[in-house]
Amino acid sequence: MSFRQSYKLVSKQPIRWFPGHMGKGIRQMQQKLKAVDCIVEVHDARIPFSGRNPDFQHTLIGESVKPHILVLNKKDLISIKDQANIKEILQENERLKHVLFTNCKNQQCSGIKRLLPLANEIILNSARYNREGEKDFCVMIIGVPNVGKSSLINVLRNRYLRKKSVAHVGGIAGITRSVMEKIKINENPLMYMIDTPGILEPKIKNDEMGMKLALAGCLPDHLVGEDLIADYLLYWLNKNSRFDYVTEVGLEKPTDNISELLVTYANKLSVRRKLKRNDGQIVIVPDVLQSAREFIKLFRQTKFGLINLDSQLQT
């Protein structure tokens, strides 16, 4: 069976990727830079090359010449082999010296254990300019929405200070809306972190990058459309010969037709909704919106295996 070889977003209206609070967030972050010694950029390990905001490079990391650590979070959702390949490519192509993989749900994660000592080390070895006489170290956490920035702060605070969570978290993009005050992370050396709102680049370069961000949960599903995200997931699985979905949703064989998949899966889940026809009659039909949500959830819960959505960019 032949499948789509390229992806084109079919949508009645353009997707608004960049809510207003994001522009304000970038400006707030720039104003705080003078009080920062190091920048930790957090991104989703399933999309290591897609959607990292180039504005960060120009307006925050590049201009400020601050030490920079890239943390690829949710490492439990991709393979160890992928992690090694990703790190090698980032160090070679982007000259990124400091790349860590983390899982904020695991306090014993090696990346979590390494982060503070690494930040401490590179701050001590850097020119602190206007912060040279300061006793405390200050780290700014940046990244696109819903990649685990607040979770990272909470797990570090819990690990080093045995304190409860202070940064608000949620599995929905856009929980942190403004640049917060400094949050203490460690006593010795005295270290603070600044949590920031997730910032997407104002213009997503192409449809596929936008859909990868959406599938990883960096945008609220309903803003993009669950049916569109489900269709991109189906396209990606077929293109990468990942056919685990077939039995999972109750199909007999792979399909490139998202409507067929969603109706079949809705029937398997026994989810229905009422529909009023033009003649006024009420009919019961498969609830394809609910089955789209459940199909996306299968991916996010790794029911199709460990998936690096940028795997084709590694070749």
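Everything numeric here is computed off the predicted structure, so don't read it as measured data.

**Some details on the overall build of the protein chain**
Logical step 1: Along the protein chain, the regular secondary structure elements total 11 helices and eight strands.
Logical step 2: The burial tally for the protein chain puts 53% of its 315 residues in the buried class.
Logical step 3: A sequence separation of at least 24 residues applies to 69% of the contacts in the protein chain between residues at least 6 apart.
Logical step 4: Total accessible area computed for the protein chain in this model is approximately 15,600 Å², and 49% of it derives from carbon and sulfur atoms.

**Looking at the side chain of Lys66**
Logical step 1: Structurally, Lys66 is set in the loop between α2 (54-64) and β2 (68-73).
Logical step 2: Asp37 provides the closest opposite charge to the buried, salt-bridge-free Lys66, at an N-O distance of 5.8 Å.
Logical step 3: Among the polar contacts made by the side chain of Lys66, one reaches the main-chain carbonyl oxygen of Val36 at a distance of 2.7 Å.

**Section: the packing of helix α8 (residues 226-239) against helix α11 (residues 288-300)**
Logical step 1: Interaxial distance between α8 and α11 falls to 9 Å at its minimum, and their mutual angle equals 45°. For the element pair α8 / α11, the angle class is oblique. Read as a crossing pair, α8 and α11 show a hand that is left-handed. Judged by residue contacts, Glu226, Asp227, Ile229, Ala230, Leu233, Leu234 and Leu237 of α8 engage Leu289, Ala292, Arg293, Phe295, Ile296 and Phe299 from α11.

**With respect to the pairing of strand β6 (residues 191-194)**
Logical step 1: In β6, alternate side chains face the same way, and those of Met191 and Met193 on one face and Tyr192 and Ile194 on the other are all buried.
Logical step 2: Here strand β4 (residues 137-143) pairs with β6 via four bridges, running parallel. The residue bridging Cys138 from the neighbouring strand is Tyr192, located in β6.
Logical step 3: Pairing of strand β5 (residues 182-186) with β6, which is carried by four bridges, proceeds in the antiparallel orientation. Within the sheet, the bridge partner assigned to Ile183 lies in β6 and is Met193.
Logical step 4: Hairpin connection from β5 to β6: four residues lie between these consecutive antiparallel strands.

**A closer look at the packing of aromatic side chains**
Any aromatic ring pair is given by two values, namely how distant the centres are and how the planes are angled relative to each other.
Logical step 1: Under the definition given, this model contains five aromatic pairs.
Logical step 2: Judged by centre distance (5.7 Å) and plane angle (45°), the rings of Tyr232 and Tyr235 are tilted. Residue Tyr232 and its partner Tyr235 are both found in helix α8; the two are separated by three residues, about one turn of the helix. You'll find Tyr232 and Tyr235 in the same group, each marked buried.
Logical step 3: Through a chain of ring-to-ring contacts, the aromatic side chains of Tyr7, Tyr232 and Tyr235 assemble into a single cluster.

Thresholds applied
Each chain has its residues counted from 1, running along the sequence as written. Whole-chain, interface and lining totals are the exception, using all residues; otherwise, since this is a predicted model, local features are given only for residues with pLDDT of at least 70 and side-chain atom pairs are given and counted only at 80 or more. Note that the side-chain values use all heavy atoms of the structure and ignore hydrogens as well as water. Note on conventions: DSSP H or I runs of at least 4 residues are helices, E runs of at least 2 residues are strands, and numbering of each starts at the N terminus. Exposed residues in this analysis have more than 50% of their type's maximum accessible area, buried residues have under 20%, and partly exposed residues fall in between, with area computed by a 1.4 Å probe over protein chains only. Any two residues having at least one pair of non-hydrogen atoms within 4.5 Å are treated as being in contact. A 1.4 Å probe and the Shrake-Rupley method give the accessible areas. Residues count as covered only by the protein chains that appear here. Counting rule for charge: Lys and Arg are taken as positive, Asp and Glu as negative, and neither His nor the chain ends is counted. A carboxyl oxygen of Asp or Glu within 4 Å of a side-chain nitrogen of Lys or Arg is what we treat as a salt bridge. Polar contacts here mean pairs of N or O atoms no more than 3.5 Å apart (in protein, one a potential hydrogen donor and the other a potential acceptor; neighbouring residues in sequence count only if both atoms are side-chain atoms). Lines fitted to C-alpha atoms define the axes, with helix axes restricted to the stretch in contact, and inter-axis angles between N-to-C directions lie between 0 and 180 degrees. Here the word oblique covers every angle except those under 35 degrees (roughly parallel), over 145 (roughly antiparallel) and from 65 to 115 (roughly perpendicular). Handedness of a helix crossing follows the sense of rotation of the near helix relative to the far helix, less than a right angle counterclockwise being left-handed and clockwise being right-handed. What makes two strands pair is DSSP finding at least two bridges between them. Paired rings are identified among Phe, Tyr and Trp, the last through its six-membered ring, by centres lying within 6.5 Å, and are further divided according to the angle between planes into stacked (under 30 degrees), edge-to-face (over 60) and tilted (the rest).

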